[in-house]
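# Survey of secondary and tertiary structure
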Amino acid sequence: MTTPGPGVMPGLEPSGGGPVAALGGEQLQLQLDSFLARHEDALKLFRRDLHMHPELGYAEHRTTQRIVERLTEAGLRPQVLPRGTGLFCDIGPEDGPTVALRADIDALPLQDEKDVPYKSTVPGVAHACGHDVHTTMVLGAGLFLAQQAAAGLLPGRVRLLFQPAEETPGGALDVMAAGGICGVDRAFALHCDPRIEVGQLGLRTGPITAACDKVYVKVTGPGGHTARPHLTADLVYALAKIVTELPAALSRRVDPRSSLSLVWGRVSAGSVANAIPDDGIAEGTVRCLDDEAWHRAPEMMKSLLQSVAAAYDVEASLEYVRGVPPTVNEATSVQMFRDASAQVLGEEAAVPTPQSLGGEDFGWYLESIPGALARLGVREPGSSGEYDLHRGDFDVDESCIAAGVRVLAATALTALWDGNRPGDQEPMEGAAIA
């Protein structure tokens with residue numbers, strides 16, 4: 001089992017003067033207890049401030065400024081991204097490994113429907129996916145780790161990534177273009193999960209979220225009278241065949257384990273009952289759990305579309321809009337999450353979590369570097385309510401903030417002290433949580 005590193009804050013040195021490297025999770029837990037006793041209330045207030053002032057992707061100017069202010073007060077030097085929203089900030093020495101902790105900072109175009117003192121003050125915009133919580137947890141972990149670094153107790157560097165526009169998506173690519181993951185050896189992120197109770201951490205090795213792309217199909221033909229379909233191209237019938245046959249054919253061209261699926265959300269053609277229209281459209285999404293199948297999907301779909309259209313003598317064009325790749329968790333990084341949570345939340349904290357066909361642009365980072373995304377429980381223990389993400393009534397049990405700070409800080413220390421650089425050690429037997 002890997003164990004969190006031994007960084008010790010002043011006043012919490014082990015008795016007996018034993019070597020720092022011999023410390024385990026008990027000392028780390030004491031340090032985190034001390035830090036959170038002083039800062040947990042302020043972190044909750046910070047989260048509520050963000051919740052009251054949500055900002056959509058690439059408009060997160062106030063959010064960015066609030067984060068910059070807090071990091072600067074701690075003696076850190078945040079770097080705002082070129083577009084003016086989002087930032088990253090380094091903690092600790094440059095020599096040794098570098099670990100990134102990522103938060104997304106944007107909100108959703110939804111009305112906040114909760115009756116709480118910290119309800120959104122911006123009409124039609126709300127933190128209904130927990131990004132305010134993600135931001136606060138990474139900030140809290142960063143402030144704790146900054147204290148470790150100030151005492152000379154970090155054997156490497158932690159980079160805090162506060163990413164804009166996850167919901168758009170595209171913010172991850174802006175972070176990467178600005179050099180945000182240059183020199184980073186591993187990256188970690190937490191995402192709120194209202195299905196899991198506070199104090200639990202949902203883990204999975206391999207794909208945990210799906211690729212999510214949009215497709216637009218336009219079909220054209222000469223049009224005509226419904227009394228004489230044989231003298232023209234029956235465009236509506238052809239469109240119906242495309243809508244039904246394309247998903248079925250696509251699923252037979254890839255490994256079923258890739259979970260490649262095409263689902264239509266809008267189909268439209270014609271305006272009257274007795275006229276065959278000259279154009280029609282179908283719009284939908286493609287979701288996939290396998291990176292290779294995701295990269296192949298556009299060409300496969302284009303080829304299948306042309307073959308179906310040709311059979312009915314219509315023209316068909318495809319606009320394929322890339323969204324995000326699948327988020328594929330690396331086994332060693334998942335094990336680091338698991339070991340860290342055992343140290344700071346308890347041995348039973350890690351629980352299996354299912355694959356999701358939702359999209360998450362953290363997958364862009366994991367195409368370049370190893371890492372993992374975990375699901376943090378935000379549900380009040382014993383609660384009977386049914387909550388989900390992307391709903392106007394979404395909220396969290398705020399004790400999840402302290403749990404997230406503990407997990408992120410412990411995971412960063414685990415990766416810095418025992419993870420070394422990718423390839424230095426083989427994934428341990430039984431590391432995967434399926």
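Think of each chain on its own: its residues are numbered from 1, step by step along the sequence as written. Restriction of local features to residues with pLDDT of at least 70 applies here, the model being predicted, together with a cutoff of 80 or more for giving and counting side-chain atom pairs; totals for whole chains, interfaces and linings are based on all residues. Just so you know, side-chain values use all the structure's heavy atoms and leave hydrogens and water out.

### Some words on unusual backbone geometry
A cis amide bond links Thr168 to the next residue, Pro169, at an omega of -15°. Along the chain, Pro169 falls in the loop between β4 (157-163) and α4 (171-177). The backbone of Asp313 shows a phi angle near 60°, a positive value even though the residue is not glycine. For Asp313, the location among the structural elements is in the loop between α6 (291-311) and β13 (315-324). Summary of the burial criterion: residues with accessible area below 20% of their type's maximum are buried, those above 50% are exposed, and those between are partly exposed, where the area comes from a 1.4 Å probe applied to protein chains only. The exposed category is assigned to Asp313, whose relative accessible area is 64%. Per the convention used, a helix needs a DSSP run of H or I reaching at least four residues, while a strand needs a run of E reaching at least two, with both numbered from the N terminus.

### Considerations on the UniProt feature "binding site: Mn(2+)" (unreviewed entry) in the chain
Those places that UniProt annotates as "binding site: Mn(2+)" (unreviewed entry) correspond, in this numbering, to Cys129, His131, Glu167, His191 and His390. Spanning 262 residues, the named residues form one tight spatial group whose C-alpha atoms are at most 13.1 Å apart. As for the largest pocket, its lining draws on Cys129, Glu167, His191 and His390 from among the annotated residues. Position of Glu167 among the secondary structure elements: in the loop between β4 and α4. With a relative accessible area of 24%, Glu167 lands in the partly exposed category. Any two residues whose heavy atoms approach within 4.5 Å are treated as being in contact. The contact partners of Glu167, leaving out residues within four places of it in the chain, are Asp106, Ala107, Leu108, Cys129, His131 and His390. By the criterion applied in these results, polar contacts are pairs of N or O atoms within 3.5 Å in which, for protein atoms, one can donate a hydrogen and the other can accept it, and in which residues neighboring in sequence qualify only through two side-chain atoms. In this structure the side chain of Glu167 is engaged in a polar contact, spanning 3.4 Å, whose partner is the side chain of His131. In this fold, His390 is placed in the loop between β16 (371-379) and α9 (400-419). Beyond its immediate chain neighbours, meaning those up to four positions away, His390 contacts Leu108, Leu110, Ala128, Cys129 and Glu167. UniProt positions are given in the numbering used here, feature names are shortened, and annotations may be inferred rather than shown by experiment. Put simply, the grid is 1 Å and covers the protein atoms alone, a cavity is a trapped set of points that fit a 1.4 Å probe, a pocket is an open set with protein on both sides within 12 Å along at least five of seven lines, and lining residues have an atom within 4 Å of a point.

### Observations regarding the state of the cysteines
Linking two cysteines covalently via their sulfur atoms produces the bond known as a disulfide. In plain terms, two cysteine sulfur atoms within 2.5 Å form what is called a disulfide here. Scanning the model with the defined rule gives zero disulfides in all. In this structure Cys182 is not part of a disulfide, and its nearest cysteine sulfur, from Cys89, lies 16 Å away. Cys192 takes part in no disulfide bond, and the closest cysteine sulfur, belonging to Cys400, lies 5.5 Å away. The exposure class assigned to Cys192 is buried, which follows from its relative accessible area of 3%.

### A closer look at the layout of surface pockets
Grid points are joined across faces, edges and corners, and a volume is the space filled by probe spheres set on the points. One number sums up the size of the largest pocket: a volume of about 770 Å³. Taken together, 30 residues form the lining of the largest pocket, with Glu167, Gly358, Gly359, Glu360 and His390 sitting closest to its centre. Every element with two or more residues in the lining of the largest pocket is listed here: β5 (186-197), β7 (206-209), β8 (211-220), β12 (279-288), β13 and β16. Top element by residues in the lining of the largest pocket is β5. It accounts for five residues. In this count, Pro and Cys sit with the nonpolar residues alongside Ala, Val, Leu, Ile, Met, Phe, Trp and Tyr, while Asp, Glu, Lys and Arg are called charged and the others, Gly among them, polar. Across the lining of the largest pocket, the residue classes tally to 10 nonpolar, nine polar and 11 charged. Roughly 170 Å³ of internal volume is contained in the second largest pocket. Lining the second largest pocket are Pro194, Val378, Arg379, Glu380, Ser383, Tyr387, Asp395, Val396 and Asp397.

### Remarks on the side chain of Asp112
You can see Asp112 is positioned in the loop between β3 (98-104) and α3 (131-150). You can call Asp112 buried: its relative accessible area is 3%. Engagement of the side chain of Asp112 in a polar contact is seen with the side chain of Lys114, the distance being 2.8 Å. Polar contacts involving the side chain of Asp112 include one to the main-chain amide nitrogen of Ser120, which spans 2.9 Å. Setting aside chain neighbours within four positions, we find Asp112 in contact with His51, Lys119, Ser120, Ala126 and Gly392.

### Here's the deal with the environment of Ala403
Residue placement: Ala403 occurs in helix α9. On the basis of relative accessible area, Ala403 is assigned to the buried category, the value being 7%. Separated by 214 residues in the primary sequence, Ala403 and Ala189 place their C-alpha atoms 13 Å from one another.

### Concerning the sheet that holds β13
Paired strands are those between which DSSP finds at least two bridges. Pairing is antiparallel across the open sheet formed by four strands, whose spatial order is β10-β12-β8-β13. Looking at which strands have only one partner, the edges of the open sheet turn out to be β10 (261-269) and β13. Across the sheet, the mean angle separating the axes of adjacent strands is 15° when strand polarity is ignored. Pairing of β8 with β12, which is carried by 10 bridges, proceeds in the antiparallel orientation. Considered in β12, the bridge of Lys218 is made with Ile281. Sheet strands touched by helix α5 (residues 235-251): β8, β10 and β12. Its angle to β10, the strand with the most contacts, is close to 170°. Note on definitions: angles span 0 to 180 degrees between N-to-C directions of axes, and those axes are lines fitted to C-alpha atoms, for helices only across the stretch in contact. Sheet contacts for α6: β8, β10, β12 and β13; angle to β13, the most-contacted strand, approximately 165°.

### Details of the packing of aromatic side chains
Aromatic pairing here means that ring centres of Phe, Tyr or Trp (its six-membered ring) are within 6.5 Å. Orientation follows from the plane angle: under 30 degrees is stacked, over 60 is edge-to-face, and everything else is tilted. Tallying each qualifying case throughout the model produces five aromatic pairs. Seen in terms of ring centroids, Phe188 and Phe337 are 5.2 Å apart; in terms of plane orientation they differ by 80°. Their pairing is edge-to-face. On the criterion of sequence distance, the pair formed by Phe188 in strand β5 and Phe337 in helix α7 (residues 331-344) is long-range, its members being 149 residues apart. Exposure remark for Phe188: the relative accessible area of 0% places this residue in the buried category.

### Looking at the packing of α5 against α6
One way to put it is that α5 packs onto α6 with a least axis distance of 10 Å and a crossing angle of 135°. Taken as axis vectors, α5 and α6 run oblique relative to one another. Pair α5 / α6 crosses with right-handed handedness. Touching Lys241, Ile242, Glu245, Leu246, Ala249 and Leu250 of α5 are Met300, Met301, Leu304, Leu305, Val308 and Ala309, all from α6. Roughly parallel means an angle under 35 degrees; roughly antiparallel, over 145; roughly perpendicular, 65 to 115; everything else is oblique. Crossing handedness is defined as follows: a turn of the near helix away from the far one that is anticlockwise and smaller than a right angle gives a left-handed crossing, while the clockwise case is right-handed.

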